[in-house]
Amino acid sequence: MNRYLFNRIIQSILVLLGVMCLVFFLLRIVGDPVQMWFSGRTREIDPETIAEFRRSMGFDLPLPVQFINFMRKAIVGDFGNSFRYKLPASMMIIERIPATLKLTSISLLVALIVSIPLGVMAAVKSGGIIDDIARTLALISQATPTYWLGLVLISIFAVKLRWLPSSGSENWKHYILPVACLALSSMGGLIRLTRSSVLEVLQEDYVRTAVSKGLRKNVIYYRHILVNAALPLVTVIGMSLGGLLGGALYIETIFAWPGMGRLVSDAVGLRDFPIIQGVAFLTCLIVVCVNLLTDVIYTFIDPRIRYGD
């Protein structure tokens, strides 16, 4: 295994371990999981029941022992049983992962299909109408809260016009509104970075040489400009997936989407610690794996980044 890839894998493992530590201790700082779970119950709970629950969940052990047990089980994907549903938290999360990944991947694909061509045209036609449209769309994207946009779209297209459903995931119509919200949230950064990267590449000597040779515009744009501007784009695309997963927390709640975001939103309200810990860890795992894949793609885009370096 080359040194470049080995270093990235080690860094990814350390990030995962750090996230596991943060998830465990931050949730304990919020309060005692047992007391929070039983607080606000409509009927009085006897102390014996609370003590038995604490013992069955392992919360009666010293905090360092709880942390060791948590780390040992989390490594193999065991986050304990849900307080509310009495089912393994990992099983409940795994059932929701496909819905979330489907929503985020389609949203990212839509964002890329719109943002990259628009960013390239804005750079090539800098100062023109297309450039103004691209910069305006990027500004709207970065200034508009995702949850607010979701509520506005539901109000217009689901309530007033009755064109699209406001919740569920049964068919393609249910994807339009949540995908539009998530895709727009990623477009701003992609458009602006594509535009700035292409503008920088356009000033290079090899582009002028390609133009002077009389090469077709499509060849110049895709073989010389877009390929050389792709490295920063790959970085942002990897980061965008993490942002989409975070935005899915709000979108899945607003549109009643049966994914991890809605699951963790319900778990926070119910103070269901095993599910919260599991979703936080698995979300981080997905983001870390995407970033690792991004680092590997670098080596194919830019030959100066070599595995042996």
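Residues numbered from 1 in each chain as written. Predicted model: local features only at pLDDT ≥ 70, side-chain atom pairs only at ≥ 80, totals over all residues. Heavy atoms only, no water.

Details of the overall build of the chain
Applied cut-off: Helix and strand assignments follow DSSP, with helices taken as H or I runs no shorter than four residues and strands as E runs no shorter than two, numbered in order from the N terminus. Whether a residue is buried, partly exposed or exposed follows from its accessible area with a 1.4 Å probe, protein chains only, as a fraction of its type maximum: under 20%, in between, or over 50%, in that order. Contacts are residue-level and defined by heavy atoms, with any inter-residue pair within 4.5 Å sufficient. In short, Shrake-Rupley with a 1.4 Å probe defines the accessible areas, and a residue's cover is counted only from the protein chains shown. Under this rule, positive means Lys or Arg and negative means Asp or Glu; His and the chain ends count for nothing. By convention, charge coordinates are those of NZ in Lys, CZ in Arg, CG in Asp, or CD in Glu.
What the chain contains, in helices and strands, is 13 helices and 0 strands. Counting helices and strands in the order they occur from the N terminus, the chain gives α-α-α-α-α-α-α-α-α-α-α-α-α. Based on the C-alpha atoms only, the size of the chain along its principal axes is roughly 85 × 60 × 30 Å. Looking at the chain as a whole, 41% of its 309 residues qualify as buried. A sequence separation of at least 24 residues applies to 74% of the contacts in the chain between residues at least 6 apart. Total accessible area on the chain stands at roughly 17,000 Å², and carbon and sulfur atoms take up 65% of it. One finds the centroid of the 29 positive side-chain charges in the chain at a distance of 8 Å from the centroid of its 20 negative side-chain charges.

Description of the layout of surface pockets
Any space left empty among the atoms is revealed by the rolling of a water-sized probe across them. Selection rule: For cavity detection a 1 Å grid was placed over the protein atoms alone, and a set of points counts as a cavity when a 1.4 Å probe fits there but cannot get out; an open set counts as a pocket when protein lies on both sides within 12 Å along at least five of seven lines, with lining residues being those that have an atom within 4 Å of a point. Grid points are joined across faces, edges and corners, and a volume is the space filled by probe spheres set on the points.
Considering only enclosed or pocket space, the largest pocket measures out at about 380 Å³ in volume. Every residue lining the largest pocket is counted, 19 residues in all, and those nearest its centre are Met57, Phe59, Lys73, Phe79 and Gly80. Those elements giving two or more residues to the lining of the largest pocket turn out to be helix H1 (3-30), helix H3 (47-57), helix H4 (63-74) and helix H13 (273-301). It is H4 that contributes the most residues to the lining of the largest pocket, 4 residues altogether.

Let's talk about the side chain of Gln277
Mapped onto the elements of the fold, Gln277 is located in helix H13. With residues near it in sequence (within four places) discarded, Gln277 still touches Val23, Phe24, Leu27, Arg28, Phe70 and Phe79.

Focus on the pattern of salt bridges
Stated formally: The term salt bridge refers to a pairing of a side-chain nitrogen on Lys or Arg with a carboxyl oxygen on Asp or Glu at a separation within 4 Å.
Here the structure, examined in full by the defined rule, presents 4 salt bridges. For Glu52, the salt bridge is made with Arg55, and the minimal N-O distance between the two is 2.6 Å. Placement of both Glu52 and Arg55 in helix H3 is noted, with a separation of 3 residues, approximately one turn of the helix. One salt bridge connects Arg135 with Asp131, and the closest N-O pair in it is separated by 3.7 Å. Placement of the pair is Arg135 and Asp131 together in helix H6 (residues 129-143), with a separation of 4 residues, close to one helical turn. The exposure class of Arg135 is partly exposed, given its relative accessible area of 44%. Several salt bridges share partner residues, and in doing so they unite Asp131, Asp132, Arg135 and Arg195 into one network.

Overview of a nonpolar patch on the surface
As a reminder, the rule being used: Surface patches are drawn from residues lacking salt bridges whose relative accessible area is over 30%; two like charges belong together within 9 Å, two nonpolar side chains (Val, Leu, Ile, Met, Phe, Trp, Tyr) within 5 Å.
There is a patch of nonpolar side chains on the surface, built from Phe6, Ile10, Ile13, Leu14 and Leu17 and spanning about 430 Å² of accessible area. Take Phe6: it is sitting in helix H1. Take Phe6: its relative accessible area is 43%, and that puts it in the partly exposed class.

Quick notes on the packing of aromatic side chains
Going by this rule: Each aromatic pair joins two rings of Phe, Tyr and Trp (for Trp, the six-membered one) with centres within 6.5 Å, and gets the label stacked for planes under 30 degrees apart, edge-to-face for over 60, and tilted for any other angle. The rule for a charge over a ring is simple: NZ of Lys or CZ of Arg within 6 Å of the ring centre, and within 35 degrees of the ring normal.
By the definition in use, this model includes 7 aromatic pairs. Considering the side-chain rings of Phe24 and Phe25, the 5.0 Å spacing of their centres and the 90° angle between planes classify their relative orientation as edge-to-face. On the basis of relative accessible area, Phe24 is assigned to the buried category, the value being 0%. Over the face of the ring belonging to Tyr85 we find Arg84, whose NZ or CZ atom lies 5.9 Å from the ring centre.

Regarding unusual backbone geometry
As a rule of thumb, non-glycine residues mostly have phi less than zero, and peptide bonds are mostly trans rather than cis. For Lys86, which is not a glycine, the phi torsion comes out positive at approximately 60°. Among the structural elements, Lys86 can be located in the loop between H4 and helix H5 (89-124). Judged by its relative accessible area of 54%, Lys86 is exposed. Positive phi, normally seen in glycine, also occurs at Ala256, with a value near 50°. Tracing the backbone through its elements, the reader meets Ala256 in the loop between helix H11 (230-254) and helix H12 (260-270).

Section: the confidence of the model for the chain
So the rule is basically this: Confidence of the predictor at the level of single residues is given by pLDDT, which spans 0 to 100.
For the chain, the average pLDDT comes to 81, and 92% of its residues sit at 70 or higher. Element-level mean pLDDT values for the chain span from 70 in helix H10 (residues 217-226) up to 89 in helix H7 (residues 146-160).

Brief notes about H3
Spelled out, the test is: Here the arc refers to the set of directions running from the helix axis out to each C-beta atom.
Buried within H3 we find Ile50, Phe53 and Arg54. Buried residues of H3, viewed axially, fall in a sector of 100°; they line one side. Looking at the buried side of H3, the elements it contacts are helix H2 (33-38). Directly beyond the C-terminal end of H3, a positive phi value near 80° is found at Gly58.

A word on the environment of Glu252
As a reminder, the rule being used: Residues adjacent in sequence count toward polar contacts only when both atoms are side-chain atoms; beyond that, a polar contact is any pair of N or O atoms within 3.5 Å, and within protein one must be able to donate a hydrogen and the other to accept it.
Structurally, Glu252 can be placed in helix H11. Each C-alpha atom of the pair Glu252 and Cys289 lies 23 Å from the other, and the pair is 37 residues apart in sequence. Setting aside residues up to four positions removed in sequence, Glu252 forms contacts with Thr100, Leu103, Trp257, Gly259, Met260, Gly261 and Arg262. Only 3.2 Å separates the side chain of Glu252 from the backbone nitrogen of Met260, close enough to count as a polar contact.

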